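Observations on chain architecture
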Amino acid sequence: MKKIISFGIIILMSLSFSGCFDLEEVPYNQLSPTNFYKDENSVRSVISAIYAQEMTDLAEYYWYMQEFSADQIAWRTWNGGAWGWDEAYKYVLSTHTWDSKSTVIRVTWQKGWTAIGLCNNVIYDLENLDPVDIGITEEKKQAYIADIRTFRAYCYYAIYEIWGGVLPINTGVSTKEIPGSVSSDFNEGCKLIYDFIVKELDETVSLLPKNSVNRMNQATNRMIKMRMLLNAEVFIGQNKYAECATLAQEIIDGKYGTYQIAPTYQEIFGPQNAEKCNEIIFAFASDPTHRNTNWIRNMAFLPYNIKEYLDYTPPGSGWNCTILSPSFDNSADFYKGAPESAATCFLDAPYNDKLGAVYQRFDPKDIRRQNFRSDASGFYVGQMLKDSIKAKFGTGAILPGDADRNKQALIYVDQVGTFQNKGRTLETVMSPRWGETNSGVRFIKYPFFPTASGIDVREADNVEFRLSEVVYTLAECKLRAGDVQGARNLVNQVRVRYFSPEDWTTAKDRLSRGFTAYDQDWMLSEWGLEFLDEGRRRRTDLRRFDKFTQGRWWFFGRATDGGVQIPATRDRKYEWFPLPEIALSVNPGLIQNPNYN
């Protein structure tokens, strides 16, 4: 989607890394609004810049916090534990070893308050602007303010999920009165912030347009509230599933815009997705000439020579640090050709996990489980990279590995371990600290295409809200109310698109490997498969089902780190993150999450 670019973006981007630790926004509103906002286009330009800033900054770090800390995606090292270590920048998330000094937490805090501060400034300007001066009506002015208030509520929701009741509520632009935590009591703070976000959403929804896919719209506003209601037990200790179900049904029924489940997943994530796909409710605009986050979600998984596999030169370098949590232990060596039946799957006895083991939780007939491939016509299928990785989407010669597998065949295995004993002797279960360059299945959410196609990956907008989330929300509410068949029917309305008609006749009634009933474990797994790599696993799934620190997957309770046994269940303090130490040092009004004192 094309974005309007003007001088407003330059001003906003110059502020994007301003003083966020003390919540002090740079008061660019000291410029006269009537001098800056010349016409309606200038208003749109500033709003576009705020969206772009959030997409490229907070959205990226929000993904780190919600995915790396959960059971499906991990940051792992290789080459004897040396490559990808990065001073444990993101590794602390995958192992639940962060503290208030962790860099990733500090930077996420900075990104969040930058986004909120920019929203506050623009709201202030517009509220003090005479609409006649820029040629718009009072109604149009209020609609723009509602857009930014809803977007600010979305940003608040993002950081609320991370820090909970120790946050401030800051809607002003003053640099003299810097607010501290909203309450000295964590639980009271959670309720105050919860009520603030809901109030902002309820007051703005009627002023927003419908079906405005790259801007806050009525359905997006309601989906943010739906998320609040769905997670109300986590946030404020109140069961709001009935109210959540009512709201979800209203969205499905079209009260806030017209949407429908896409018949294929390729429509959701492929080129021009926002223009073509009626399932998408909100997506961050992206195009080849501007910054985007799609490449981050893909390139984090991929090796440095991935352009040879893709037959295309991507806009960034592969990281080779990110993997899907492995499905098997190290009791057999897949790289040497051992069959998967020779090792033990974490979903099977004696492990009996219901979390992690991502690849094996997909039905064998699910088309997403195929290795990713595309062609010059724009066709693509599959989302995985597993086993031998060959040039030109699997049609050419097998690619070489690097580092600990230098010049050896690049074969992605559904395991993590030092099979060559580099850095540490191989153990049956090892943590993400001890992988090899070929460890772990890789994942591609947004498709790449051969250079001959002329299609750039950045032509796909970055999807944040889609109707299938509403359907799954309603399904979970029904399940919790005892309507198991109703939940199954709703989930199958989405799942059917991943199977051929022939396969669907049996797949629709087949549980994933390791599951025996249509219960909460099943629902949690279905959430994870549908929204894999979309930046919400910790929030949408694990915390609500009390699995984030109390659930077991992969290496927890089965591996050691620095000679210390990694506990099977983690301290509940890790269910919320600590405020960064530097924020506390510059703002005495902030109160640390009590579990980290």
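As the structure is a computational prediction, the values presented were derived from the model and not from experiment. (Residues numbered from 1 in each chain as written. Predicted model: local features only at pLDDT ≥ 70, side-chain atom pairs only at ≥ 80, totals over all residues. Heavy atoms only, no water.)

1. Notes on the packing of aromatic side chains
Going through the model one piece at a time under the given rule, you end up with 46 aromatic pairs. Three or more aromatic residues link up through ring pairs in this structure, and these residues are Tyr-265, Tyr-309, Phe-372, Tyr-380, Phe-393, Phe-449 and Tyr-498. Arg-480 extends its terminal NZ or CZ atom over the ring of Phe-545, reaching a point 4.9 Å from the ring centre. Directly above the aromatic system of Trp-553 lies the positively charged group of Arg-570, at a separation of 4.8 Å from the ring centroid. (Phe/Tyr/Trp six-rings, centres within 6.5 Å; stacked < 30°, edge-to-face > 60°. Lys NZ or Arg CZ within 6 Å of the ring centre and 35° of its normal.)

2. Some words on the packing of helix H11 (residues 241-252) against helix H18 (residues 467-480)
When two helices pack together, their arrangement is given by the angle between their axes and by how far apart the axes lie. Remark: H11 packs on H18, axes separated minimally by 9 Å, with the N-to-C direction vectors making an angle of 145°. Judged by the twist between their axes, the crossing of H11 over H18 is left-handed. Residues Tyr-241, Cys-244, Ala-245, Ala-248, Gln-249, Ile-251 and Ile-252 of H11 touch H18, and the partners they reach there are Leu-467, Val-470, Val-471, Thr-473, Leu-474, Glu-476, Cys-477 and Arg-480. (Axes fitted to C-alpha atoms, helices over the stretch in contact; angles between N-to-C directions. Helix = DSSP H or I, 4+ residues; strand = E, 2+ residues; numbered from the N terminus. Left-handed = near helix turned anticlockwise from the far one by under 90°. Contact = heavy atoms within 4.5 Å.)

3. Looking at the pairing of strand S2 (residues 280-284)
For S2, a buried count of 5 out of 5 residues is recorded, marking the element as mostly surrounded by other parts of the structure. One ladder, built from 4 bridges, connects S2 with strand S10 (residues 462-466); its direction is antiparallel. Paired with Ala-283 across the bridge in S10 is Val-463. (Buried < 20%, exposed > 50% of the residue type's maximum accessible area, 1.4 Å probe, protein only. Pairing = 2+ DSSP bridges.)

4. Regarding the side chain of Arg-361
Within the element layout of this structure, Arg-361 appears in helix H16 (residues 358-361). As a buried residue without a salt bridge, Arg-361 has its nearest oppositely charged side chain in Asp-71, at a separation of 4.2 Å. Polar side-chain contacts of Arg-361 include one of 2.7 Å to the side chain of Gln-72. One polar contact links the side chain of Arg-361 to the main-chain carbonyl oxygen of Gly-356, over a distance of 2.4 Å. (Lys, Arg positive; Asp, Glu negative; His and termini not counted. Salt bridge = Lys/Arg side-chain N within 4 Å of Asp/Glu carboxyl O. Polar contact = N/O pair within 3.5 Å; in protein donor to acceptor, adjacent residues only side chain to side chain.)

5. Details of the layout of surface pockets
Computed from the structure, the largest pocket encloses a volume of approximately 210 Å³. Along the wall of the largest pocket there are 14 residues; nearest its centre are Phe-186, Asn-187, Val-234, Arg-543 and Trp-576. Of the residues that constitute the lining of the largest pocket, the class distribution is 7 nonpolar, 4 polar and 3 charged. Here the second largest pocket defines a volume of roughly 180 Å³. As for the second largest pocket, its lining consists of 13 residues, of which Tyr-144, Asp-147, Pro-209, Ser-212 and Arg-215 are closest to the centre. Elements represented by at least two residues in the lining of the second largest pocket include exactly helix H3 (40-56) and helix H7 (138-163). Broken down by element, the residue count for the lining of the second largest pocket peaks at 4 residues, all from H7. Across the lining of the second largest pocket, the residue classes tally to 7 nonpolar, 2 polar and 4 charged. (1 Å grid on protein atoms, 1.4 Å probe; cavity = no way out; pocket = protein on both sides within 12 Å on 5 of 7 lines; lining within 4 Å. Points joined across faces, edges and corners; volume = space filled by probe spheres on them. Nonpolar A, V, L, I, M, F, W, Y, C, P; charged D, E, K, R; others polar.)

6. Points about the pattern of salt bridges
For the coordinates displayed, the defined rule picks out 41 salt bridges. Notably, a salt bridge pairs Asp-366 with Arg-368, separated by 2.7 Å at the nearest N-O pair. Pair check on accessibility: Asp-366 and Arg-368 agree, each one buried. Here Arg-458 and Asp-456 are joined by a salt bridge, their closest N and O atoms 2.8 Å apart. Taken individually, Arg-458 and Asp-456 each receive the classification buried, so the pair is uniform in this respect. One network of salt bridges, in which partners are shared, links Arg-227, Glu-279, Asp-366, Arg-368, Lys-445, Glu-464, Arg-466, Glu-469, Arg-497, Glu-530, Glu-534 and Arg-536.

7. Concerning H7
With 26 residues, H7 should cover 38 Å at 1.5 Å per step; its first-to-last C-alpha distance of 37 Å lies within 8% of that length. Among the 26 residues of H7, 21 are classified as buried, and the element is accordingly described as predominantly covered. Trailing H7 by a residue or two, Gly-164 shows a phi angle of about 65°, which is positive. (Expected span 1.5 Å × (residues − 1).)

8. Considerations on the environment of Ala-143
With respect to the secondary-structure elements, Ala-143 resides in helix H7. For the pair Ala-143 and Leu-207, spaced 64 residues apart in the sequence, the C-alpha separation amounts to 5.3 Å. With sequence-adjacent residues up to four places away left out, Ala-143 is seen in contact with Leu-207 and Leu-208.

9. As for empty space enclosed by the protein
Taken as a whole and judged by the stated rule, the model has 7 cavities of 30 Å³ or more. Space inside the largest cavity adds up to approximately 150 Å³. Contributing to the lining of the largest cavity are 18 residues, with Arg-495, Arg-510, Ser-512, Trp-522 and Glu-526 lying nearest its centre. Taken together, the elements giving at least two residues each to the lining of the largest cavity come down to helix H19 (484-495) and helix H21 (520-530). With 4 residues, the top contributor of residues to the lining of the largest cavity is H19.

10. Regarding a negative patch on the surface
A cluster of acidic residues, Asp-130, Asp-133, Glu-138 and Glu-139, forms a negative patch at the surface. Positionally, Glu-138 belongs in helix H7. Assessed through its relative accessible area of 36%, Glu-138 is described here as partly exposed. (Patch = residues over 30% accessible without salt bridge, like charges linked within 9 Å, V, L, I, M, F, W, Y side chains within 5 Å. Areas by Shrake-Rupley, 256 points an atom, 1.4 Å probe, with all protein chains shown as cover. Charge placed at Lys NZ, Arg CZ, Asp CG, Glu CD.)

11. Overview of the environment of Pro-303
Among the structural elements, Pro-303 can be located in the loop between helix H14 (294-299) and helix H15 (306-310). On the basis of relative accessible area, Pro-303 is assigned to the buried category, the value being 6%. In this structure Pro-303 touches Gly-318, Asn-320, Leu-410 and Tyr-412, once residues within four positions along its chain are discounted.

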